[in-house]
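Working through the structure, step by step
Each chain is listed here by its residues.
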Amino acid sequence: LAAASLSLAGLPEPHPMSRSTSLVEVNGGVVRWSLRVQSESIREVLPRLDLNGDLLLDRNECDAAADEIAGYLAEHYALRGTEAPGGEWAGALVRIGEPSRDIVDEFEWVEATWEFRSTEPVEGLAVRMELFEVTSPDHIDVFELRQDGKLSYTALFSAAQPGAWIPDVGVGVTTSFEWFELGVSHILTGYDHLAFLLALLVCVRGAKQAALVVTSFTVAHSITLGLAALGHISLSDRFVELVIALSISFVATRGFSEKARAGLWLESGLFGLIHGMGFAGFVKDAVSSEEQELVSLALFNLGVEAGQLAFLAPIGVALELWRRRRSSKSELWVPRGPRVALSVLVACAGLYWFLDRAGWLGPLAS
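Since this is a predicted model, take the numbers as computed values, not measurements.

Okay, the overall build of the protein next. Across its full length, the protein carries 12 helices and 10 strands. In the protein, of all internal contacts separated by at least 6 residues, the share reaching a separation of at least 24 is 73%. Here the protein displays about 16900 Å² of accessible surface, and carbon together with sulfur accounts for 61% of that area.

Shown next, in the form of structure tokens:
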């Protein structure tokens, strides 16, 4: 099992985790813009800044390259007061903050702040975000606009939507449907969560038990997703990701048995509580605005459920039709041969992700 897991080194990363947050505050003709990015994303796009080769950016390295960091960020993330291209504001860099580690998600963050001044009140705002297009094409920026201290606009910018024209900076908040789309894309690219669900499907008797098991998982992960994203509970992201990887291998071993487990729905629910915190690790920074957090979180969760259903429904229908057309003494939905083969593959994937997240693959590879 370990040897097979090491052969899966080409599997894609479970989550596109490169992200940033932007806060633009407009007060009359004064615009203050704070951009918070992961230092790892900066190091990937500007590797020469890592002078000591430790794959991190420390205080001294950021100080030495403050102008270069600010230059890259300003070049790839532009603000202007007109909808027409060009004419980006040449704001004054206020500061490059000291790299700080988030205790929960364990990322290092660097914050840069600019200030723009205009003789006329700012009425409209154009945004263009092209950060880390080459090194992190799945990068997402959580954008927030405030006028006179009140939240007036939020958006999620990515390669698919690299910017927006906001004609009235004082318009009321509108919740972006992109939260729903983000939930769908997050589950469909969350290969570890999909592997876990697939391992569950091959362990059930049929459609009724599958519905019970998946419902238990859904309810459980929705609870912890909400609680963790809103800051009511927290665990280290690294710990959560390690447990998720182990849960995949553990559930996959259930496929080796010829009998269905009556308490599989309980296992699904218990592990679902952990998986929900894995979802929250991605979205918690994105729902920091109290005015929007509940609606944004609800849309994201609905997107996760829709993506999950889109993945499971065709597989479930196909398995049920297949079962009705074959004659088998097995009480499980999937016959022994395909079930064991799939369970081995999923167990190997879970073990690979565990070794990778624990940091043990590097020494083995070297």
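Moving on, we come to the environment of R357. Its location among the elements puts R357 in helix α11 (residues 336–357). In terms of polar contacts, R357 uses its side chain to reach the backbone carbonyl oxygen of E241, at 2.7 Å.

Residue alternation in strand β10 (residues 163–166) divides its side chains into a buried set, A164 and I166, and an unburied set, G163 and W165. In this structure, strand β7 (residues 125–129) lies alongside β10, joined through 4 bridges in antiparallel fashion. Of the residues in β10, the one forming a bridge with R128 is G163.

Before going further, it helps to examine the nonpolar core. F196, L200, I248, W333 and W353 are the most contacted members of the largest nonpolar core, which totals 52 residues. At the level of secondary structure, the elements contributing two or more residues to this core comprise β8 (140–147), α5 (178–188), α6 (191–201), α7 (207–229), α8 (237–252), α9 (264–283), α10 (293–325) and α11. With near-sequence residues (within four places) excluded, I248 lies in contact with D192, A195, F196, V346, G350 and W353. Judged by nonpolar contacts, the second largest core, of 36 residues, contains V26, A65, V127 and M129.

Attention now goes to the pattern of salt bridges. Scanning the model with the defined rule gives 8 salt bridges in all. For the salt bridge of D192 with R357, the shortest nitrogen-to-oxygen distance reads 2.8 Å. With D192 in helix α6 and R357 in helix α11, the pair connects residues that are 165 residues apart, well separated along the chain. What makes D192 buried here is its relative accessible area of 0%. Given a relative accessible area of 15%, R357 falls into the buried group. Here R357 makes a salt bridge to E241, at a shortest N to O gap of 3.0 Å. With R357 in helix α11 and E241 in helix α8, the pair connects residues that are 116 residues apart, well separated along the chain. For the residue pair R357 and E241, the accessibility class agrees, reading buried in each case. Through salt bridges with shared partners, one network takes in R32, E115 and R117.

Glancing now at the confidence of the model for the protein. On average, the protein scores 79 in pLDDT, and the residues at 70 or more come to 81%. Counting interchain partners and residues more than four positions distant, the pLDDT-below-50 stretch residues 1–16 has 39 contacts. This stretch, residues 102–106, has a pLDDT under 50; its non-local contacts, to residues over four places away or in other chains, come to 16 contacts.

Conventions and cut-offs
- Residues numbered from 1 in each chain as written.
- Predicted model: local features only at pLDDT ≥ 70, side-chain atom pairs only at ≥ 80, totals over all residues.
- Heavy atoms only, no water.
- Helix = DSSP H or I, 4+ residues; strand = E, 2+ residues; numbered from the N terminus.
- Contact = heavy atoms within 4.5 Å.
- Areas by Shrake-Rupley, 256 points an atom, 1.4 Å probe, with all protein chains shown as cover.
- Polar contact = N/O pair within 3.5 Å; in protein donor to acceptor, adjacent residues only side chain to side chain.
- Buried < 20%, exposed > 50% of the residue type's maximum accessible area, 1.4 Å probe, protein only.
- Pairing = 2+ DSSP bridges.
- Core = buried A, V, L, I, M, F, W, Y, C linked by side-chain atoms within 4.5 Å.
- Salt bridge = Lys/Arg side-chain N within 4 Å of Asp/Glu carboxyl O.
- pLDDT = per-residue confidence, 0-100.

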